[in-house]
Amino acid sequence: MLYTILCYHEEDVVWSWSEEQEAAVMARLAEVQAPLIASGKMGPSLRLLPTTTATTLRKTKDAPLVIDGPFAETKEQLLGFYVVDVADLEEALAIARQLAGANPGGAYELRPVALYNADARADPAP
Amino acid sequence: MTTDPAWIENAIVGARPRAVGALLRYFRDLDLAEEAFQEACLRALRLWPEKGPPRDPAAWLIMVGRNAALDVLRRKSRDVALPDEAAISDLDDVETPLAERLDESRFQDDVLRLMFTCCRPELMAVQQVVLALRVVAGLTVAQIARAFLVSETAMEQRITRAKRQIAVMGIPFETPDDTARAERLAAVAAMIYLVFNEGYSAADGAYRARLCDDAIRLGRLLQRLFPAEPEVMGLTALMLLQHARHAARFDDAGEIILLEDQDRGRWNRKLIAEGLALTEKALRHRAPGPYQIQAAIAALHDKAATPADTDWGQIDLLYGVLERLQPSPVVTLNRAVAVSKSRGPEAALAMVEGLGDSLAGYFHFHGVRGGLLWQLGRRLQARAAFGKAMALANTAAEASHIRAHLDRLKAEAEAAGETG
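Residues numbered from 1 in each chain as written. Chains lettered and ligands numbered in written order. Predicted model: local features only at pLDDT ≥ 70, side-chain atom pairs only at ≥ 80, totals over all residues. Heavy atoms only, no water.

Some details on the overall build of chain B
Tallying secondary structure elements over chain B gives 20 helices and zero strands in all. The dimensions of chain B, computed from C-alpha atoms along their principal axes, are 85 × 45 × 45 Å. Expressed as a percentage of the 420 residues in chain B, the buried residues total 51%. Across chain B, the fraction of contacts at a sequence separation of at least 24, relative to all contacts at a separation of at least 6, is 64%. Charge separation in chain B, taken as the distance between the mean sites of 52 positive and 56 negative side-chain charges, equals 1 Å. (Helix = DSSP H or I, 4+ residues; strand = E, 2+ residues; numbered from the N terminus. Buried < 20%, exposed > 50% of the residue type's maximum accessible area, 1.4 Å probe, protein only. Contact = heavy atoms within 4.5 Å. Lys, Arg positive; Asp, Glu negative; His and termini not counted. Charge placed at Lys NZ, Arg CZ, Asp CG, Glu CD.)

A short note on the packing of aromatic side chains
All names here are of chain B. Following the criterion strictly, the structure yields six aromatic pairs over all chains and no others. Between Tyr193 and Phe196, the aromatic rings sit 6.0 Å apart at their centres with planes inclined by 5°, giving stacked as the arrangement. You can see Tyr193 and its partner Phe196 sitting in helix H9 (residues 178–200), three residues apart, about one turn around the helix. In this structure Phe196 comes out as buried when scored by relative accessible area, which is 0%. (Phe/Tyr/Trp six-rings, centres within 6.5 Å; stacked < 30°, edge-to-face > 60°.)

A word on the packing of helix H16 (residues 345–353) of chain B against helix H18 (residues 363–375) of chain B
All names here are of chain B. It is the contact of H16 with H18, at a shortest axis distance of 9 Å, that shows an interaxial angle of 145°. At the point where H16 passes H18, the crossing takes the left-handed sense. Residues Pro345, Ala348, Leu349, Val352 and Glu353 of H16 pack against Phe365, Val368, Arg369, Leu372, Leu373 and Gln375 of H18. When its residues are assigned to classes, the contact of H16 with H18 shows eight nonpolar, one polar and two charged. (Axes fitted to C-alpha atoms, helices over the stretch in contact; angles between N-to-C directions. Left-handed = near helix turned anticlockwise from the far one by under 90°. Nonpolar A, V, L, I, M, F, W, Y, C, P; charged D, E, K, R; others polar.)

Re the sheet that holds strand E2 (residues 55–58) of chain A
Residues and elements named next belong to chain A. Spatially, three strands are ordered E3-E2-E4 in an open sheet, and the strand pairing comes out antiparallel. Across the chains shown, the open sheet's two edge strands, defined by having one partner strand only, are strand E3 (65–68) and strand E4 (107–110). Each strand of the sheet is rotated relative to its neighbour by a mean of 20°, with strand direction disregarded. Relative to E3, E2 runs antiparallel, the two being bridged by four bridges. Bridging from a neighbouring strand, Leu57 pairs with Val66 of E3. (Pairing = 2+ DSSP bridges.)

Examining the interface of chain A and chain B
Each partner contributes residues to the interface: chain A has 30 residues there, and chain B has 25 residues. Taken together, the two surfaces of chain A and chain B that pack against each other cover about 2,200 Å², and 53% of this comes from carbon and sulfur. Area buried by chain A at its contact with chain B is led by A:Asp12, A:Thr52 and A:Asp68, which between them contribute 28% of it. Taken together, the links from chain A to chain B amount to three salt bridges. With its nearest N and O atoms 3.1 Å apart, the salt bridge here joins B:Arg284 to A:Glu90. Mapped by element, the contributors of at least two residues to the side of chain A that touches chain B are helix H1 (11–14), helix H2 (19–38), E3 and helix H3 (89–102) of chain A. At four residues, H3(A) tops the list of elements feeding residues into the side of chain A that touches chain B. The class makeup of the residues in the side of chain A that touches chain B is twelve nonpolar, eight polar and ten charged. (Buried area = accessible area lost by both parts, 1.4 Å probe. Salt bridge = Lys/Arg side-chain N within 4 Å of Asp/Glu carboxyl O.)

Focus: the domain arrangement of chain B
Residue and element names in this part refer to chain B. Along its sequence, chain B is organised into domain 1 (1–102), domain 2 (104–227) and domain 3 (232–310). Domain 1 puts 17 residues into the contact, and the matching count from domain 2 is 18 residues. For the pair domain 1 and domain 2, the summed buried surface comes to about 1,800 Å²; carbon and sulfur atoms form 63% of the total. Joining domain 1 to domain 2, the criterion identifies three salt bridges. Among the ionic pairs, Asp110 bridges to Arg25, the shortest N-O distance being 2.7 Å. There are five residue pairs in polar contact (both at pLDDT 80 or more) connecting domain 1 and domain 2. Only helix H1 (5–27) and helix H2 (30–51) provide two or more residues apiece to the side of domain 1 that touches domain 2. (Domains from an automatic or database assignment. Polar contact = N/O pair within 3.5 Å; in protein donor to acceptor, adjacent residues only side chain to side chain.)

What to know about the pattern of salt bridges
All told, the structure shown has 26 salt bridges over all chains when counted by the stated rule. Note that A:Arg47 is salt-bridged to A:Glu22, the shortest N-O span being 2.6 Å. Of the two residues, A:Arg47 is situated in strand E1 (residues 45–48) and A:Glu22 in helix H2; the sequence distance between them amounts to 25 residues. Across the pair, exposure class does not vary: A:Arg47 and A:Glu22 are buried alike. Put simply, B:Asp178 and B:Arg181 hold a salt bridge, and the shortest N to O gap is 3.5 Å.

Here is the structure:
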């Protein structure tokens, strides 16, 4: 069984960490992650840039609507995510538009990735 | 984790602009708003470690601060005349759920008003910076005094004087229309960039360098409140892309290392990624402004793996756009630096020579001019230009940078058998 663990916190606070605070947290996390990686339990993980860098694509019926800022509605729930390797926001939006065409309704939030740890498992299970 | 004192401190600092902004709206008095916030912070420091932090720290601080200040006003009113009810707004809706009154649109105007209060055009630039650091960013007087290398008493007086000026001018409480809001936003953006520049010129490790972090924090806050303003994105991007190079900009002795000589491995990749993402987002709006163009220029520098990879032709073009948007001899001077790389020192010098009248008292003008003359082998003139730069240096780092040029020039001249 694969599980995602989605990280929520106050970004005001997290992005105000001093370099020392940041390093201390990352060191504590690395300590927890090391045995999980060794035992093949840890899949890919990533850290997102702040919501100020986010762009939202509303999957409206006609041309999807591009809005600055993060997805802020509370009616819809997080159902999944993609990681795409693209040159820029424009290319990411183009992919999101294609996906929206195949599955209208709801929204996609496009947020650049700050830190990406690839899947360290020998035989990544689907 | 939640009772960690560092977490509480960060949460309080992060909530400050919104909380003081809202309290200023309630009480219409900056000192009272600050005192109310202070009181709320004291209670937070007492209560949060035991009970855990509230879900919304800003809302908590506003509520507690407001009640504390009302108590003070009530106590005072026994000896003095009753407070003017009209001066305390929003008292009629105490029963409405807090969340309703704290919606983002209100925060928008609250924070903008608070920031705008600190950057009224009547205030001198340095007063704006000092006030913003104290009132909006929440630095202590001691911290600001240390950043500006003056005594605490002197800084306290400076802040008190500026606040008195604000009290005389009055704080604008009417809800701004779109034009007024845009004007306030522009003034606030300029003020945040002033704060950033105060920190930017300071050597790594210097206390003042932390002002860059404060400015970036304010930029992010402004952007969260105004998510669709390309110039606000541009401002935040510009600060991030410049600050990313901070650790590489000074050597161990605190001397400036020029962009082309910097160890690019010491650039902060996370800040660059954030800055690039914001620049892209901003430029999609096709509404270019000075901050966006400057961010795009900084982005081209940050994207170059080595100095030789820098796209100077594109930078030249962007400075051309900036010259049209915001004509200024300093912009032309910067453009000349790009031109010297893309078209050679001769073309650049021709651009620079036209600026002598307006920039005669500007350190960088003489520094750039000296460098171009040197590249063209006109050593005597280069030396004279560097001499002028030396006399106009603003910091010890700038002076010693020019001193190093002069020493190398002298050595070259001696090797070539020149005298004088």
